[in-house]
Amino acid sequence: MTTEAPEVSPLPATSREGDETATGKWSQDTRINRNGLNLPGASPVVASVVALILHLVLPNQTSPSIAWMANLPQWQHPYPLLLIVILFGSSSAWLLQFGFPPLQPRVRYYAPLVAGAVAILGGCDLLTAKWRSLPHPFFPSPDEVLGSLIEDRKILLESTWHSLRLLACGYLAGVTAGLVTGVLIGWFSIARYWLTPVLKTIGPVPATALVPLVMTLFPASLSFFSGAALIAFAVWFPMTMLTAAGISHVPLSYLDVARTMGASRLYLIFNVAIPAALPNIFLGLFQGLGASFLTLIVAETVGVKAGLGWYIQWQKGYAEYGKVYASLLIMAIFFSSLMTLLFMARDHFLRWQKGVVKW
C-alpha cells in the first residue's frame, strides 16, 4: 500500500502595483521593447500636430481682445507657440527613448497625460475661438488666456507674492494656535473641560462668515492683519481637533516607559506625545491648508490692495475674463506647489508612512 504525498500548493504570490521586483521590472521592459515604435509615447506628437493644424487652418470667429496680439502673425500667438514647444519636447523625448532605454517607462507613462492635456486645450480652442459655441467674453480662448498671462505678468507676479505673504502669516498663526490649544485639550483635563465647549461653539463657524466682524475690529489701515486673522481662524479649528485627538490617543505604554526612566511632564509632552501624534497633526495641517486656500480669496476682498483674489475681483469688474482665467491658472499652480511641499515634509517626518498617500 502506497501513500501519495499530498500536493503542496505554492504560496500565493503577492503583487503590488508599482512593485519593482526583478521579474516585474524585466517583464515591463519586455513589453515596452516588444512594442517596437512605442506608439503610445508618440501620442503627444500627434495631438500637438492636430491641434496646431486646426488652430492655423480654421478662421477665428472672435478677434483677440489684447492689442499687441492683433498685430502678430497667427503662428506667433502664445497658444500656437505653446503647441510648438510641446511638439518639440514630446518629439525629442520620443526619439531619445530609443537611445536611452531607461527613459522608455517615463515616456510611456507621461505621454498619454500630455496628449490628453493638449486635446483639452484644442477642444477649448475650437469651442471658443473657432466655433464660438461658448459665449464670449465669459469663456475666452486659450490664446487670450495665455496672452493675458504675458501682458499682466508683472502685476500677477506681485499679486502672487502678496497672496503668499498673507497666506503664510495666517496659516502659521493658525497652526501655532491650533497646536497650543490641541496639546492643552489633549493632555490637561482642566483645559479640556473649559476649552471643549468653546471649541464646539465657535469652531464650526465658517471663517468667511466672520468678515463683517473682522472689518469692524480692524481698521482699513490694518487690512492685512484682518485677512491674516480670517485665515488663522480657518486653520485653527481642524488643527486643534486633530492635534487633541492625536495627543489623547497616545498609547499609555509609551508614557509608562518614559515615566519609568524618569521623564518629566515637559519631556512626555514634547518628546513622547507630540511625536506620537504626528500623523494626526499632519492631517490637521492638510485640512488647514485646504481651508486657508478658500479663505484667502475671501480675505483679499476685505480691503487688501493686492493679491490673486483682489486681482480676480478687479478684472471681473472690467469683464476681462481672459485675465481672470490667467489668475486662476496661476492660483492652481501656486496652491498645488504648496500642497506638494507639505507632502514632502510629511514624507520626511513620517518616513514609515512614505508612499501611503501620494501627491
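About the thresholds
Residues numbered from 1 in each chain as written. Predicted model: local features only at pLDDT ≥ 70, side-chain atom pairs only at ≥ 80, totals over all residues. Heavy atoms only, no water. Helix = DSSP H or I, 4+ residues; strand = E, 2+ residues; numbered from the N terminus. Buried < 20%, exposed > 50% of the residue type's maximum accessible area, 1.4 Å probe, protein only. Areas by Shrake-Rupley, 256 points an atom, 1.4 Å probe, with all protein chains shown as cover. Patch = residues over 30% accessible without salt bridge, like charges linked within 9 Å, V, L, I, M, F, W, Y side chains within 5 Å. Salt bridge = Lys/Arg side-chain N within 4 Å of Asp/Glu carboxyl O. Core = buried A, V, L, I, M, F, W, Y, C linked by side-chain atoms within 4.5 Å. Contact = heavy atoms within 4.5 Å. Phe/Tyr/Trp six-rings, centres within 6.5 Å; stacked < 30°, edge-to-face > 60°. Expected span 1.5 Å × (residues − 1). Axes fitted to C-alpha atoms, helices over the stretch in contact; angles between N-to-C directions. Parallel < 35°, antiparallel > 145°, perpendicular 65-115°, else oblique. Left-handed = near helix turned anticlockwise from the far one by under 90°. Nonpolar A, V, L, I, M, F, W, Y, C, P; charged D, E, K, R; others polar. pLDDT = per-residue confidence, 0-100.

Chemist: Give a description of the overall build of the protein chain that names residues and reports values.
Modeler: Per the secondary structure count, the protein chain includes 15 helices and zero strands. Scored against the burial criterion, the 359 residues of the protein chain give a buried share of 36%. In the form shown here, the protein chain has an accessible surface area of approximately 21,600 Å², with 69% of it arising from carbon and sulfur atoms.

Chemist: For a nonpolar patch on the surface, give the residues involved together with the corresponding values.
Modeler: Taken together, Val-49, Ile-53, Leu-56, Val-57, Trp-75, Leu-81 and Ile-84 make up a surface patch of nonpolar side chains, about 610 Å² in accessible area. Only α2 (43-57) and α4 (78-99) provide two or more residues apiece to the nonpolar patch. No other element matches α2, which puts four residues into the nonpolar patch. Checked against the element boundaries, Ile-53 lands in helix α2.

Chemist: Please give an account of the nonpolar core that cites residues and values.
Modeler: In this structure, Tyr-171, Trp-187, Ile-231, Leu-285 and Leu-342 are the most contacted members of the largest nonpolar core, which totals 44 residues. Looking at this core, the elements that each hand over two or more residues are α7 (153-187), α9 (211-217), α10 (223-248), α11 (252-260), α12 (265-276), α13 (278-299), α14 (308-317) and α15 (321-349). Residues contacting Trp-187, with those up to four places away along its chain left out, are Arg-192, Ile-247, Leu-255, Arg-265, Leu-268, Ile-269 and Ala-273. In this structure, Ala-51, Ile-86, Ala-115 and Val-118 belong to the second largest nonpolar core, which totals nine residues.

Chemist: Account for the packing of aromatic side chains, with residues named and values stated.
Modeler: Within the structure shown, the criterion is met by 12 aromatic pairs. Ring centres of Trp-310 and Trp-314 lie 5.4 Å apart, and the angle between their planes is 20°; on these two criteria the pair is classed as stacked. Note that Trp-310 and Trp-314 are positioned in helix α14 at a spacing of four residues, about one turn of the helix. A relative accessible area of 34% places Trp-314 in the partly exposed class. Between Tyr-311 and Trp-314, the ring centres sit 5.9 Å apart and the planes meet at 80°, which makes this aromatic pair edge-to-face. Of this pair, Tyr-311 and Trp-314 are both found in helix α14, three residues apart, which corresponds to roughly one turn of the helix. Residue class for Tyr-311 comes out buried when judged on its relative accessible area of 0%.

Chemist: Let's hear about α12: which residues, and what values?
Modeler: The first and last C-alpha atoms of α12 sit 15 Å apart over 12 residues, in line with the 16 Å expected at 1.5 Å per residue. In this fold, the buried residues of α12 make contact with α7, α10 and α11.

Chemist: Please provide a residue-by-residue account of the environment of Pro-275, values included.
Modeler: On the secondary structure map, Pro-275 appears in helix α12. Since its relative accessible area comes to 35%, Pro-275 is described here as partly exposed. Sequence-wise, Pro-275 and Phe-349 are 74 residues apart; in three dimensions their C-alpha atoms are separated by 9.3 Å. Discounting chain neighbours no more than four positions away, the residues touching Pro-275 are Ile-269 and Phe-270.

Chemist: Please provide a residue-by-residue account of the packing of α11 against α12, values included.
Modeler: Closest axis-to-axis distance for the α11/α12 pair is 11 Å, and the angle between their directions is 160°. Taken together, α11 and α12 sit at an angle that is classed as roughly antiparallel. Considering only the axes of α11 and α12, their crossing is right-handed. Where α11 approaches α12, its residues Tyr-254, Leu-255, Ala-258 and Arg-259 are matched on the opposing element by Leu-268, Val-272 and Ala-276. Looking at the contact of α11 with α12 residue by residue, the classes come out as six nonpolar, no polar and one charged.

Chemist: Please give an account of the confidence of the model for the protein chain that cites residues and values.
Modeler: A residue-level look at the protein chain finds 87% of positions with pLDDT of 70 or above and a mean pLDDT of 85. Across residues 1-35, confidence stays below pLDDT 50; counting only partners more than four residues off in sequence or on other chains, it has eight contacts.

Chemist: Summarise unusual backbone geometry; cite the residues concerned and give the values.
Modeler: Here the residue pair His-136 and Pro-137 is connected by a cis peptide bond, since its omega of 15° sits within 30 degrees of zero. Topologically, Pro-137 is positioned in the loop between α5 (104-130) and α6 (142-151). Even without being glycine, Arg-132 reaches a positive phi, approximately 55°. With respect to the helices and strands, Arg-132 occurs in the loop between α5 and α6. Owing to a relative accessible area of 46%, Arg-132 belongs among the partly exposed residues under this scheme.

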